[in-house]
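Examining the three-dimensional arrangement
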Amino acid sequence: MAVIHRTTMTPGKLELLAGWLPARPWYTGAGAPELARAGGFRLDDPQGEVGLEFMVVTDTSGQLPVSYHVPVTYRGAPLDGAEQALVGTSEHGVLGRRWVYDGAHDPVLLAQVLALFQGRAEPQDQNLSDTPDRTVTASRPGTGHPVITSATARDGAQGTTVTLATADRDGEETSSATLAVTRVLRPDPEDPSAGGAEAGGRITAGWRTPDGAVARGPFFVLTG
């Protein structure tokens, strides 16, 4: 289980995201964001090397608040070939310099999201060590334990779409799938565990609205 260190990051996470968000095609604001933490969860890297966090931040700079889902990874060294996905670097009070990436472009995070769909990963509390987050639910499409052999992420105005190729444990290619990463979060009035006939599966979690209420909606949708 990942250990949550009670320490500082300089610059902080919100400061990094405030400088990064306006350049995203799915950012709906018109200027500099005013961000506040609004929720999220974590997953564990089985190798214990990469931090995996699924952050929700709410921007209150516009007429109406907007909540964004930003999966991020924290690495102790640069990720080869992922320069376009770098959010920034920060000095961690315990771990030293960390390279912070948009997790939709990080193969470790994508592998663990797939594992969560398959029931092989357990969501963890965002702020507490060794504490499962039972509020995060995943409907599980298909059977078996395919692994990702390639992933191509594309950012657009509606969010991020990741095209996945998977193989079985013997290395035989099995199928392709599309992972939609929700960026602008909206409450889902439907049963989050149902997934919907059009969806192969979804990961649903909650976040806090500015008035203190708890909203829930899909963070990821997997099809194919």
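Residues numbered from 1 in each chain as written. Predicted model: local features only at pLDDT ≥ 70, side-chain atom pairs only at ≥ 80, totals over all residues. Heavy atoms only, no water.

1. Points about empty space enclosed by the protein
Put simply, the rule reads: Of the two site types, the cavity is a set of points on a 1 Å grid over the protein atoms alone where a 1.4 Å probe fits but cannot get out, and the pocket is an open set with protein on both sides within 12 Å along at least five of seven lines, each lined by residues with an atom within 4 Å of a point. Grid points are joined across faces, edges and corners, and a volume is the space filled by probe spheres set on the points. Every helix listed is a DSSP run of H or I at least four residues long, and every strand listed is a run of E at least two residues long, numbered separately from the N terminus. Three residue categories are used. Nonpolar comprises Ala, Val, Leu, Ile, Met, Phe, Trp, Tyr, Cys and Pro, charged comprises Asp, Glu, Lys and Arg, and polar comprises the others, including Gly.
In this structure the tally under the stated criterion is two cavities of 30 Å³ or more. Roughly 50 Å³ of internal volume is contained in the largest cavity. Looking at the largest cavity, the residues that line it are Met9, Lys13, Leu16, Leu17, Met55, Val72, Tyr74, Val87 and Val100. Among the secondary structure elements, those contributing two or more residues to the lining of the largest cavity are α1 (13-20) and β4 (66-75). Tallying contributions element by element places α1 first for the lining of the largest cavity, with three residues. When the residues that make up the lining of the largest cavity are grouped by side-chain class, the tally is eight nonpolar, no polar and one charged.

2. Quick word on the nonpolar core
As a reminder, the rule being used: For the purposes of this section, nonpolar cores are sets of buried Ala, Val, Leu, Ile, Met, Phe, Trp, Tyr and Cys residues that join through side-chain atoms within 4.5 Å. Three labels apply to residues, based on accessible area from a 1.4 Å probe with only protein chains included: buried if under 20% of the type maximum, exposed if over 50%, partly exposed otherwise in between.
Formed by 30 residues in total, the largest nonpolar core has its most connected members in Phe41, Val113, Leu179, Ile203, Phe219 and Phe220. Broken down by secondary-structure element, the contributors of at least two residues to this core are β2 (35-43), β3 (51-59), α2 (107-117), β9 (159-167), β10 (173-181), β11 (201-208) and β12 (214-223). Of all hydrophobic cores here, the second largest spans 18 residues; its members include Tyr27, Tyr74, Val87 and Val100.

3. Focus: the sheet that holds strand β6 (residues 96-102)
For the record, the criterion: Here, any two strands with at least 2 DSSP bridges between them count as paired.
Pairing is antiparallel in the open sheet, where six strands are placed in the order β1-β5-β6-β4-β3-β2. Since the sheet does not close on itself, it has two edges, and those belong to β1 (9-10) and β2, each with one partner. Alignment of strand β5 (residues 86-92) against β6, held across six bridges, turns out to be antiparallel. Residue pairing across strands places Ser90 opposite Arg98, the latter belonging to β6.

4. A look at the environment of Thr10
Under the convention used in this document: Between two residues, a contact is recorded if the distance between any of their heavy atoms is within 4.5 Å.
Structurally, the position occupied by Thr10 is in strand β1. With residues up to four places along the chain from it excluded, the contact list for Thr10 reads Ser90 and Glu91.

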